[in-house]
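If you want the building blocks of each chain, they are given just below.
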Amino acid sequence: MDKLHYDAVVLGGGLAGLMAAHEIATAGFKVAVVSKVFPTRSHSSSAEGGIAAYVPGNSDPNDDPDYMTYDTVKGGDYLVDQDAAELLSVKSGEIVDLMERWGTLFNRQPDGRVALRYFGGQTYPRTRFVGDKTGMALLHTLFERVSGLDVDFYNEWFAVDLVTDERRVTGVLALDMKNMDPAFFKARAVVAATGGMGMLYAHTTNAYINTGDGYGMALRAGAAIKDPEFVQFHPTALYPSDILISEAARGEGGILRNNKGERFMAKYAPKKLDLAPRDIASRSIMIEIREGRGFPGGYVGLDLTHLGESYIKERLALAYEAAMNFAGVDATKEPIPVRPAQHYYMGGIDVDTNGINTDLQGLFAAGEAACVSVHGANRLGSNSLLETLVFGRETGKTVVEYLRKHEEVSSPSLDKEAERLLSEAYSFVKSESGVHFGEVLNKLRGVMWDKVGIFRDEDMLKSALTEIEKLRGQVREMYVTDKGKTYNTEFYNALELRNMLDLAVVIAKSALMRTESRGAHFRTDFPERDDKNWLKHTLAYLKGNQVEIGFKPVRMTKWKPEARVY
Amino acid sequence: MEAQTLATNLEQREITVRVKRFNEDKGEFWSEYKLSVDRFTQITEVLRRIKTEQDPTLAYRASCHMAVCGSCSMKINGEPRLACKTLALDVVKKFNTDVITLEPMDYFKPLKDLIVDMGDFYTRMFKVKPRLYPAEEVVKGVAEQRLKPEDQRELWKFAQCIWCGLCVSACPAVKEDERFLGPAAHAKGYRFLADPRDTLYEERLKILLDSSWRCTYCYQCFHVCPRDVEPVTTIKKTRAHTKFSKEKTDVMSTGERHVKAIYESIKETGILQEAKVYISTYGLATAITDMLHTMRNGKMKYALIREKKVNEIEQIRKLLGD
Ligand SMILES: Cc1cc2nc3c(=O)[nH]c(=O)nc-3n(C[C@H](O)[C@H](O)[C@H](O)COP(=O)(O)OP(=O)(O)OC[C@H]3O[C@@H](n4cnc5c(N)ncnc54)[C@H](O)[C@@H]3O)c2cc1C
Ligand code: SF4
Ligand code: SF4
Ligand code: FES
């Protein structure tokens, strides 16, 4: 197997990974970015609405970083580490300025300064945006910037596992998807910036490539996933493609209707109606569908028709276009078919505000792959793009400090360990019979959606655990039909499935443990928030087949928990 | 009410998907799949279902499923398109057949099934130094950059390229002329050339100008781009900078011939007849080669631009046996 030497390896070419790589490279260290897709094809490109930032001199005169922190803490139902949220607010302006300087074409005010708008859960408007393609604009700018630095890109390389040696990460095993050639990337520091895991759920707004590989790799190497039970669902994803229909559609007067044409939100949120928060709206839609008032296939209608053609085309252009292009529905004439879908993962590799994981020396994480605990139990819109950049940069800086202090370790046993991990992965291509990934994958996505989804209770979670365990058993006998070496995507899908199953069992187990409802985690058998017993983070480890659960206090600075009402 | 329409229009329809495949062992071959779809089914979803339910060996690229990542470029019933931005039943309706044909993009080398080698595309993009080079003071953070809203709007139109490669796969000039950068690289290059915050003007002119005169103005890139980037428009706009360049290469002088032809064409009929301009600049022989090429792509209509008056078009028609 080839051995490649780097100071640091960054897994992931999304916003978080590129920002970390930028910091490491500009400090003069040798860094590789390994990504299973060409960087601009990362999921960061899908973000639409914008990035939140308090910019001194270009924000509402009454706003200040404290309000921003408060909004984040309350939105996260108090499971937010408040020092992390403070850092996010304080650095937000700097980050947006930096991206502007690097060329991001933010929408402008008439005087030429960066424009801003309101987003859900904000006391004052803070969201900066580039049309309806903010993520794409930021990702291209950052990739363009970093591609001009001394950074080695390994695009369409699949990271299989972390190579470890007694609680220390010493590199990564990855395969070149073009020819299946393996390489051991030896490095003193590894940054996991592998993004989210939406593909675990039958319905998700996420990209096909969001299979939670980083979580699986971290778990197998012995690192903890923090708050795994917190999965965000967005109420209005387009049926059946699950493309996000922005909250703006409801904000501008869109009405949710069931198959009888009834405005059903009147029943669930008599005051806020269709403007109810994401979790309540999601749960209401699901009840309608389950009780037979959805449309065949399982969706409800988001009716804009009463708003009139010109208003829709002017104010809700994006929703109109998405419905037209991806569902063939003319929103001025008929309701847009929508249903809730998985949208974001609050849980992630346990790290502090410096991006350091304490289970494994040399392991760092940033972006959606990490859990710095800025989003707590529920993420606010526009805070995630911000997190990827702020903490991508903080993590990069920490890595630089770390590299200045730590020497490379080398031992022949490391190469052996890399070989062992490789032959484990290869076993799927080698076997001559067993299950195909597709069968298990589609089952898993169904189980997660039905039983570890928007509504949870003890019975469902227990039954989910049994089923996931069964599926995990099956994939040990996974069989890859395609024996070719060039772009054998079946093989990589199989490896992704292994990662998904390792995470799924951890999510189900943690959701079963947490006997309260908080933010996105809703237990019908425990519908209230329980601060006395549960104002704490879950820390989950995977030891072979066993999920081990521990806890960690929430770090609080100024804000005492109060009821989350809007 | 409206809700009813949604419910009744959900019927399933059986389609046949023919995929042109390739791998090193078997070379080129075709596979056929049958599945039922409804009016919402995207081609990416068709592919995902084939891969997870029928044939796990089928290889293709797809990521965002919402036309922003540029992964899923391919030919669908002969047209260069994004699979995720194409609904199966729209294709069925348009071509009046239940058979949908999927092929890898033209021009790029097929590596496995629908996956092609994009290396050539990336090289083109990096040739134009695709990044902003702001002023020193701005990088240091001592000066703030402002941008007029109208400049932002104009630049953003051309900055929305998602590196999908469709325009390059369809561009005749790229195939004929290795010194032509290609449509996407021109869009990217112009986006920075025109950015008032950028400092590399002279160097960018050197990279872009000569190449900009190698475009045939066939408008293929305009028609295939899934993000309406209009690469050809950026090429026109780049050419307008020729007057600021001291050096003039051969092709730039040919280019001036082109402009002269346009001028005469307008003078003659009051309308721009692109086909005629094309012929008077490049000569009949080249025109026929290119038109044969474009015709193979089913895009003849773009080459034979509307106007009837051009005699040469009649000549070409005869030669083609039309
Ligand atoms: C539809 C949608 C809209 C959104 N809108 C907004 C918004 O308006 N505002 C906001 O703040 N947030 C938004 N979000 C959330 C936000 O986009 C994401 O959370 C964020 O972009 C994640 O960035 P990242 O860098 O962590 O990961 P990603 O961009 O997902 O990048 C992950 C990287 O890891 C690589 N990778 C993964 N696994 C492997 C492997 N095994 N080997 C090699 N490489 C691997 C991938 O190739 C990729 O490069 C939205 C999300 C969705 C789904
Ligand atoms: S107009 Fe020019 S760039 Fe566009 S496809 Fe034709 S030759 Fe290529
Ligand atoms: S210009 Fe358009 S067609 Fe060409 S690569 Fe960019 S997005 Fe694709
Ligand atoms: S999957 Fe991203 S453009 Fe089609």
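Residues numbered from 1 in each chain as written. Chains lettered and ligands numbered in written order. Predicted model: local features only at pLDDT ≥ 70, side-chain atom pairs only at ≥ 80, totals over all residues. Heavy atoms only, no water.

**Student:** I keep staring at the sheet that holds strand β19 (residues 536-543) of chain A and nothing clicks. Help me out?
**Tutor:** The strands making up a sheet associate through hydrogen bonds between their backbones, and the pairing can be parallel or antiparallel. Residues and elements named next belong to chain A. Taken together, 5 strands build an open sheet; the order of strands is β18-β16-β11-β19-β20 and the sheet is mixed. Every other strand in the sheet has two partners, leaving β18 (370-371) and β20 (546-553) as the edge strands with one partner each. Note that strand β11 (residues 225-226) and β19 share 2 bridges and pair antiparallel. Looking across to β19, one finds that I225 is bridged to A540. Here helix α15 (residues 489-513) sits on the sheet in contact with β19 and β20, set at roughly 55° to β20. (Pairing = 2+ DSSP bridges. Helix = DSSP H or I, 4+ residues; strand = E, 2+ residues; numbered from the N terminus. Contact = heavy atoms within 4.5 Å. Axes fitted to C-alpha atoms, helices over the stretch in contact; angles between N-to-C directions.)

**Student:** Would you take a moment to explain the interface of chain B and chain A for this structure?
**Tutor:** Accessible area lost on assembly of the parts is the figure often given for the size of an interface. Chain B puts 70 residues into the contact, and the matching count from chain A is 74 residues. Summed over both partners, the interface of chain B with chain A buries about 5900 Å², with 58% contributed by carbon and sulfur atoms. Along the contact surface separating chain B from chain A lie 6 salt bridges. Its salt-bridge partner being A:E334, residue B:R39 comes within 3.5 Å of it at the nearest N-O pair. On inspection of chain B and its partner chain A, the count reaches 30 residue pairs in polar contact (both at pLDDT 80 or more). Mapped by element, the contributors of at least two residues to the side of chain B that touches chain A are α1 (2-8), α2 (43-54), β6 (110-112), α4 (119-127), α5 (136-140), α6 (149-159) and α9 (183-193) of chain B. In terms of residue count, the dominant contributor to the side of chain B that touches chain A is α2(B) (6 residues). Of the residues that constitute the side of chain B that touches chain A, the class distribution is 37 nonpolar, 13 polar and 20 charged. (Buried area = accessible area lost by both parts, 1.4 Å probe. Salt bridge = Lys/Arg side-chain N within 4 Å of Asp/Glu carboxyl O. Polar contact = N/O pair within 3.5 Å; in protein donor to acceptor, adjacent residues only side chain to side chain. Nonpolar A, V, L, I, M, F, W, Y, C, P; charged D, E, K, R; others polar.)

**Student:** What's the story with the sheet that holds strand β2 (residues 8-11) of chain A in this structure? I'm lost.
**Tutor:** Residue and element names in this part refer to chain A. A sheet is described by the order of its strands in space; here 5 strands give the open sequence β6-β3-β2-β10-β17, paired in parallel fashion. Looking at which strands have only one partner, the edges of the open sheet turn out to be β6 (152-155) and β17 (363-365). Each neighbouring strand pair of the sheet contributes to a mean axis angle of 20°, computed without reference to strand direction. Looking at chain direction, strand β3 (residues 31-35) and β6 are connected through 4 bridges and run parallel. Along β6, the bridge assignment pairs S35 with N155.

**Student:** In this structure, what is going on with the side chain of A:S510? I would like to understand it.
**Tutor:** Residues and elements named next belong to chain A. As for its position among the elements, S510 is in helix α15. From its side chain, S510 meets the backbone oxygen of V506 in a polar contact 2.7 Å long. Setting aside residues up to four positions removed in sequence, S510 forms contacts with P228, E229, T538, A540 and I549.

**Student:** When you look at the pattern of salt bridges in this model, what are you seeing that I'm missing?
**Tutor:** Side chains bearing opposite charge may pair, as long as their charged atoms lie close to each other. Counted according to the given criterion, the structure contains 71 salt bridges over all chains. In this structure, B:R197 and A:E100 form a salt bridge, with 3.0 Å as the shortest nitrogen-oxygen distance. Of this pair, B:R197 sits in the loop between α9 and α10 (201-212) while A:E100 is found in helix α3 (residues 82-101), placing the two residues in two different chains. Taking the shortest distance from any N to any O, the salt bridge between A:D111 and A:R113 comes out at 2.9 Å. The partly exposed category is assigned to A:D111, whose relative accessible area is 36%. In this structure, a network of salt bridges that share partners links the residues A:D161, A:R220, A:E417, A:R420, A:E424, A:R472, A:R498 and A:D502. (Buried < 20%, exposed > 50% of the residue type's maximum accessible area, 1.4 Å probe, protein only.)

**Student:** Please explain the site of ligand 2 as it appears in this structure.
**Tutor:** All names here are of chain B. Around ligand 2 sit 13 residues in total, of which C171, C215, T216, C218 and C221 are the nearest. Of all the secondary-structure elements, those providing two or more residues to the shell around ligand 2 are α11 (220-224) and α12 (231-239). Tallied by class, residues from the shell around ligand 2 come to 11 nonpolar, 2 polar and no charged. (Near = heavy atom within 4 Å.)

**Student:** Sorry if this is basic, but what is going on with helix α8 (residues 278-290) of chain A here?
**Tutor:** Note: α-helices contain 3.6 residues per turn, so residues at a spacing of three or four share the same orientation. The terminal C-alpha atoms of α8(A), which comprises 13 residues, lie 18 Å apart, in line with the 18 Å expected from a rise of 1.5 Å per residue. Note on α8(A): the residue one or two positions beyond its end, A:G292, has a positive phi of about 85°. (Expected span 1.5 Å × (residues − 1).)

**Student:** Sorry if this is basic, but what is going on with unusual backbone geometry here?
**Tutor:** Where the residue is not glycine, phi is negative for most of them; where a peptide bond is considered, it is trans in most cases. Residues and elements named next belong to chain A. Across the junction of Y239 and P240, the peptide omega takes the value -5°, indicating a cis bond. Looking at the element boundaries, P240 is found in the loop between β12 (231-238) and α6 (248-251). A positive phi is found at Y78, a non-glycine position, where the angle reads about 70°. You can see Y78 is positioned in the loop between α2 (65-75) and α3. Residue class for Y78 comes out buried when judged on its relative accessible area of 1%.

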